[in-house]
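# Coordinate inspection notes
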Amino acid sequence: TFSKHGCPPLVCPHSSSCRLFFPEDPVKIVRGQGQYLYDEQGGEYIDCINNVAHVGHCHPLVVQAAHEQNQVLNTNSRYLHDNIVDYAQRLSETLPEKLCVFYFLNSGSEANDLALRLARQYTGHQDVVVLDHAYHGHLSSLIDISPYKFRYLDGQKEWVHVAPLPDTYRGPYREDHPNPAVAYANEVKRVVSNAQEKGRKVTTPSTFNPSTAREKKK
Ligand SMILES: Cc1ncc(COP(=O)(O)O)c(C=O)c1O
C-alpha cells in the first residue's frame, strides 16, 4: 500500500491541468459505510460531498444484489432481461403516468448526454439554458453546458445561455425578497429573450410546437 503522500503521482508531470483534489493534504479513503468514509488511519468522515451512493456507502442490500447479478450476467442493455422489465415497472409505479419509458445508463454523465440528444432531436434546436455554477458531468457535451467547468476551459459557447442560480442565501434575490421564486423565473425569461433577440433558437413551453420541430428534422 502507498502512504497518502507516496501515492504516485501526486502531481502529473505531463500536464498542469491534471491535478489532485486537496493537493496540500490529499485525502486517502480506504472504505465507506453508510454515511461515513474512512481514511487509511481509521479516521471517520461524514460524507457530505459524494452524490453517487444514494443509500449510503456499501449498503448490504445493494452489495448483495450486485454480487448476485454479477454471478449471473453482466452485459450491456441491448438484450431483453426480466430484471430490466421488473425494475422499470417498479420505478414507473413511483412516477406520474406520463413517465413510463425507461432507458438505463451507467452514470450521470451518460444520462445527461442522452437527455441533451433527446431534447435536441425533439425540439430541432441546439441551444441550452443552464443554471450558473452547474456541473452536468465530464463528457465534452456536458463540460460545454457546465459553467463551473467551461469558465476555466474553452469558455461559453454561443449556444449556451446561463441563468442565475436561484440561491436565496448568496444570489441576487435573497430571503428578504417578496417573491424570490418569481424573480428567479423572470431571470430565466430574460435569458431566453436575450438569446432570441440574438437570433438563437430557444423554445419555451408556450411557443413550442412539436409538429413543426419534428417536421424540421425530417
Ligand atoms: C450534478 C451532477 N450531475 C452530473 C454528474 C455526473 O455524474 P457521473 O459522475 O455519474 O458521470 C455529477 C457528478 O458528480 C454531478 O454532481
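One can find the structure itself at the top, above this paragraph.
The shown structure was predicted, so the numbers you read here are calculated from the model rather than taken from an experiment.

## A short note on the pattern of salt bridges
By the definition in use, this model includes five salt bridges. One salt bridge connects Arg200 with Asp127, and the closest N-O pair in it is separated by 2.8 Å. Taken together, the residues Arg200 in the loop between helix H6 (180-197) and helix H7 (210-217) and Asp127 in the loop between helix H3 (108-123) and strand S4 (128-131) connect sequence positions 73 residues apart. Across the pair Glu187 and Arg190 runs a salt bridge, and its minimum N-O distance is 2.5 Å. In this pair, Glu187 and Arg190 both sit in helix H6, three residues apart, roughly one turn of the helix. Owing to a relative accessible area of 41%, Arg190 belongs among the partly exposed residues under this scheme.

## Notes on H6
Over its 18 residues, H6 runs 25 Å from end to end, which matches the ideal 26 Å to within 8%, given 1.5 Å per residue. Here H6 has its buried residues at Pro180, Ala183, Tyr184, Glu187, Val191, Val192 and Ala195. Contact partners of the buried residues in H6: S4 and strand S5 (160-163). Looking one or two residues beyond H6, the residue adopting positive phi is Gly199, at roughly 90°.

## Side note on the site of the ligand
As a matter of local geometry, the ligand sits amid Asn51, Ser107, Gly108, Ser109, Asn112, Tyr135, His136 and Gly137. Between the ligand and Tyr135 there is a distance of 3.3 Å, counted from a nitrogen atom to a backbone nitrogen or oxygen. In isolation the ligand offers 390 Å² of accessible surface; the protein chains occlude 60% of this area. Looking at the shell around the ligand, its residues break down into one nonpolar, seven polar and no charged.

## Focus: the sheet that holds strand S1 (residues 29-33)
Strand order in this open sheet of three strands is S1-S2-S3, and the pairing throughout is antiparallel. Strands at the two margins of the open sheet, each flanked by one partner only, are S1 and strand S3 (44-46). Neighbouring strand axes in the sheet, compared pairwise and without regard to direction, differ in orientation by 30° on average.

Each value, and the rule that gives it
Residues numbered from 1 in each chain as written. Predicted model: local features only at pLDDT ≥ 70, side-chain atom pairs only at ≥ 80, totals over all residues. Heavy atoms only, no water. Salt bridge = Lys/Arg side-chain N within 4 Å of Asp/Glu carboxyl O. Helix = DSSP H or I, 4+ residues; strand = E, 2+ residues; numbered from the N terminus. Buried < 20%, exposed > 50% of the residue type's maximum accessible area, 1.4 Å probe, protein only. Expected span 1.5 Å × (residues − 1). Contact = heavy atoms within 4.5 Å. Near = heavy atom within 4 Å. Polar contact = N/O pair within 3.5 Å; in protein donor to acceptor, adjacent residues only side chain to side chain. Areas by Shrake-Rupley, 256 points an atom, 1.4 Å probe, with all protein chains shown as cover. Nonpolar A, V, L, I, M, F, W, Y, C, P; charged D, E, K, R; others polar. Pairing = 2+ DSSP bridges. Axes fitted to C-alpha atoms, helices over the stretch in contact; angles between N-to-C directions.

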